[in-house]
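Here is how the chains run, residue by residue.
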Amino acid sequence: MADFIKDTLEKVPGVDPRVGQRMTTFSGLNNGPAETAARIAGLVQPKDQVDDCPYYTGNFGQVLPAPGHPLNVGGIPSQADTILLEKQQAFDRSKICERIVHPCGSSAFGHFQVTKDISHLTRADFLQPGKKTPTYTRFSTVTYGREFPDQGRNPRGFATKFYTADGNYDLVGLNWPVFFVRDPMQGPDNIRSQQRNPKSFLLDFNAWFDFLSQVPESNHAGLMLMSDYATPKGWIHMSGYGCHTFAMVNANGERHYVKFHWECHQKKEQFNHDETLRIQGIDPDYSKRELFELIENGGEAKWTMSIQVMKPEEVPNLDFDPFDVTKVWPRAQFPLQEVGVLTLNRNPEDYHRDVEQAAFSPGSLVPGIELSPDTLLQWRAFFYRDAQYYRLGSANIHQIPVNCPFMSKYHSPDNFNGNMRIDANHGGKPQYHPNSYSTTMNSSMTKRRAPGFDPAVAEAPFQVANNVMSRHSYWKHEGDPCEYNQVRELYQRVMTDAQRSNLHRNTAELLRFADGIVQKNYLTQLYAIDPNYAKSIYELLPKHDGYTLDEVADASKTAHLVNKDPAFYSPDKNSMFMGMPFKKTAPTGKQASGTTA
């Protein structure tokens, strides 16, 4: 038989000689990204791919003759050794650009199963009763580098990609329900304040507290950062939140606003300050290791998705701003409603391909889930995707298997070319539209066809604050003492005595590294929240250079006005009709179809 195959391959042109190569599909030479994505998500193959090739080769298929003997002339490596050159060149380029935020993390595949009927709220296909959707979830620390101990004091990212029939939906959030800023202009500043000092490259706690002292609304998340919420006992022992307000739209075009919650099935646990320091020294990969080993040993981790729901007509009568990501929705007023369960039960095959190159964006939406008038969310929907295009070096990141919308019922992008484009690109369709070949043209003059458009998936219209372009903000709390109401409630009522004690100690341990002026300004913000909050930390500090507690108390009377300029306050205090729906009217005269009033 072997002689027959050999004879055939020698004499009959066109016969596929790649028997050995087809044995080895790990490199993906024989699979498209959708096939690979379906495999690594566990839908078509229960176990990881195994490289069963009999020989090592170079990138372009040349078999390697030896593992440790380069071509050389009298011991001097030769430029003629193309295998050695390729190996070194590939090694030199083996690390890609690190994420600006959320660089340190790990992931798992799984599925999301809908357990409750919310079809009256959303037409999203994957949220219909009984639906089961493959998922990918990445956990992370936010501000320091890829090698940062994942038990360090930091916010934690909780991002889930749903591979739905309508394309990928990314729910990107944190392990607490609020963020530090609501203004897109301050987004980079917030992250820079929690990154290493650009001069010394040291952790910069002076910058941490200085930023918090200058942005009153940041101290809700600031309290979370200094509490034990910022040191959860691994990824699997923390809950998650979508943080921002999103919109759900049902089949009738009716709009509701929602907050997403992930409630942990595992015991919710946190490390205290001393435990965190010990674990970081023993095992800086504690969180990554725990998740990986749990799944590798046949276990799984689960979270229940719940939502809070608000009708648009409720918005104007609230005493808080529902689109302000530095605020929460009171659960007594907007109770949690169960949606379904997320189960993580499959580890990635390869960290670089499946974790390092994973890309998320709040702009990855599906019909039935839309953005709210949250200014920061609207901006994040753009810049997250832009950051991934830069980091991964191409706009074709959808061809990386973990990012591939492999469950989508349609896929025909009108974006062409670019680095690493490996498919049929335009696929023979016109690279412009409108054109004469679209399926929506219904032309009988040609057999050629091109994709069309579906107006049914258009977003539901809603009102914005006004039609005036300016730099005014529209935040309800800006320049008002009510800025501290929710964080005061968290400190005084929600936290226990033990949690407050840990908060005080954690804060003092790091605030002692800050300059005296920063200490004073930060304690001023805390005093405005609760005098005991500031006093307790003041008493734990080893010294108080250049300020007294009385000066802190006096300054706290105007703490809410720090860096607030009335020239940019909302010109219309009744602007909270923002986000209200309005109905389409029938087109008249020269109005285009679908024009709204």
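Residues numbered from 1 in each chain as written. Predicted model: local features only at pLDDT ≥ 70, side-chain atom pairs only at ≥ 80, totals over all residues. Heavy atoms only, no water.

Draft legend 1. Spotlight on the overall build of the protein. From N to C terminus, the protein includes 16 helices and twelve strands. For a compact globule of 597 residues, the expected C-alpha radius of gyration is about 25 Å, and the protein comes in at 28 Å, within 12% of that figure. Seen through its principal axes, the protein has C-alpha atoms that stretch 95 × 80 × 45 Å. The 597 residues of the protein split such that 48% are buried. Taking all contacts inside the protein whose residues are at least 6 apart in sequence as the whole, residues at least 24 apart take part in 73%. Carbon and sulfur atoms make up 54% of the accessible area of the protein, which totals about 30,400 Å². (Helix = DSSP H or I, 4+ residues; strand = E, 2+ residues; numbered from the N terminus. Rg over C-alpha atoms; globule rule 2.2 N^0.38 Å. Buried < 20%, exposed > 50% of the residue type's maximum accessible area, 1.4 Å probe, protein only. Contact = heavy atoms within 4.5 Å. Areas by Shrake-Rupley, 256 points an atom, 1.4 Å probe, with all protein chains shown as cover.)

Draft legend 2. View of helix α7 (residues 219-226). Among the eight residues that make up α7, eight are buried, leaving the element largely enclosed by the rest of the structure. Among the residues of α7, Asn219, His220, Ala221, Gly222, Leu223, Met224, Leu225 and Met226 are the ones counted as buried. On its buried face, α7 sits against α6 (205-214), α12 (485-494), α13 (497-511), α14 (516-529) and α15 (531-540).

Draft legend 3. The arrangement of empty space enclosed by the protein in detail. Following the criterion strictly, the structure yields three cavities of 30 Å³ or more and no others. Of the voids in this model, the largest cavity is the one considered here, and its volume is about 60 Å³. Surrounding the largest cavity, Pro177, Tyr241, Gly242, Cys243, Lys259, Phe260, His261, Gln308, Lys327, Val328 and Trp329 form its lining. Here the element with the most residues in the lining of the largest cavity is strand β9 (residues 255-264); it accounts for three residues. Tallied by class, residues from the lining of the largest cavity come to six nonpolar, three polar and two charged. Size it by volume and the second largest cavity reaches roughly 50 Å³. Lining the second largest cavity, in full, are Asn175, Tyr229, Pro232, His237, Met238, Ser239, Lys268, Glu269 and Gln270. Its residues assigned to classes, the lining of the second largest cavity shows three nonpolar, four polar and two charged. (1 Å grid on protein atoms, 1.4 Å probe; cavity = no way out; pocket = protein on both sides within 12 Å on 5 of 7 lines; lining within 4 Å. Points joined across faces, edges and corners; volume = space filled by probe spheres on them. Nonpolar A, V, L, I, M, F, W, Y, C, P; charged D, E, K, R; others polar.)

Draft legend 4. Examining the layout of surface pockets more closely. Volume-wise, the second largest pocket comes out at about 1,700 Å³. Lining the second largest pocket are 49 residues, with Asp166, Tyr410, His411, Ser412 and Pro413 positioned closest to its centre. Of all the elements in the fold, those that place two or more residues in the lining of the second largest pocket are β6 (167-174), β12 (369-371) and α11 (375-392). Counting residues per element, the lining of the second largest pocket draws most heavily on β6, which supplies three residues. Tallied by class, residues from the lining of the second largest pocket come to 21 nonpolar, 17 polar and eleven charged.

Draft legend 5. Spotlight on a nonpolar patch on the surface. Among the surface-exposed residues, Leu43, Val44 and Met407 lie close enough to one another that they form a single nonpolar patch of about 260 Å² accessible area. As for its position among the elements, Val44 is in the loop between α3 (33-40) and β1 (72-73). (Patch = residues over 30% accessible without salt bridge, like charges linked within 9 Å, V, L, I, M, F, W, Y side chains within 5 Å. Salt bridge = Lys/Arg side-chain N within 4 Å of Asp/Glu carboxyl O.)

Draft legend 6. Molecular detail of α3. When we look at burial in α3, the residues that qualify are Thr36, Ala37, Ala38, Arg39 and Ile40. Close packing links the buried residues of α3 with β3 (104-114), β11 (337-346) and α10 (351-356). Immediately beyond the C-terminal end of α3, within one or two residues, lies Gly42, with a positive phi of roughly 90°.

Draft legend 7. Region of interest: the side chain of Asn190. In this structure, Asn190 sits in helix α5 (residues 187-193). Of the polar contacts made by the side chain of Asn190, one reaches the side chain of Gln194; its length is 3.4 Å. Apart from the residues lying within four places of it in its own chain, the contact partners of Asn190 are Phe179, Phe180, Val181 and Phe211. (Polar contact = N/O pair within 3.5 Å; in protein donor to acceptor, adjacent residues only side chain to side chain.)

Draft legend 8. Structural context of unusual backbone geometry. With an omega of 5°, the peptide bond running from His433 to Pro434 counts as cis. Relative to the elements of secondary structure, Pro434 occurs in the loop between α11 and α12. Although it is not a glycine, Met420 adopts a positive phi angle of roughly 60°. In this structure, Asn563 is a non-glycine residue whose phi angle is positive, near 60°. With respect to the secondary-structure elements, Asn563 resides in the segment after α16 (549-555). The exposure class of Asn563 is exposed, given its relative accessible area of 59%.

Draft legend 9. Broad picture of the nonpolar core. Judged by nonpolar contacts, the single largest core of 53 residues is most densely connected at Trp176, Phe209, Leu523 and Tyr533. Those elements that place two or more of their residues in this core are α6, α7, α12, α13, α14, α15 and α16. Take this core: its biggest share by element is seven residues, from α14. Excluding its chain neighbours within four sequence positions, the residues that come into contact with Trp176 are Asn154, Pro155, Ala221, Met224, Leu225, Tyr229, Ala230, Tyr241 and Cys243. Core analysis: the next-biggest nonpolar cluster, separate from the first, contains 37 residues, Leu171, Phe246, Phe260 and Trp303 among them. (Core = buried A, V, L, I, M, F, W, Y, C linked by side-chain atoms within 4.5 Å.)

So far we have only geometry, and geometry alone does not tell us how the molecule works.
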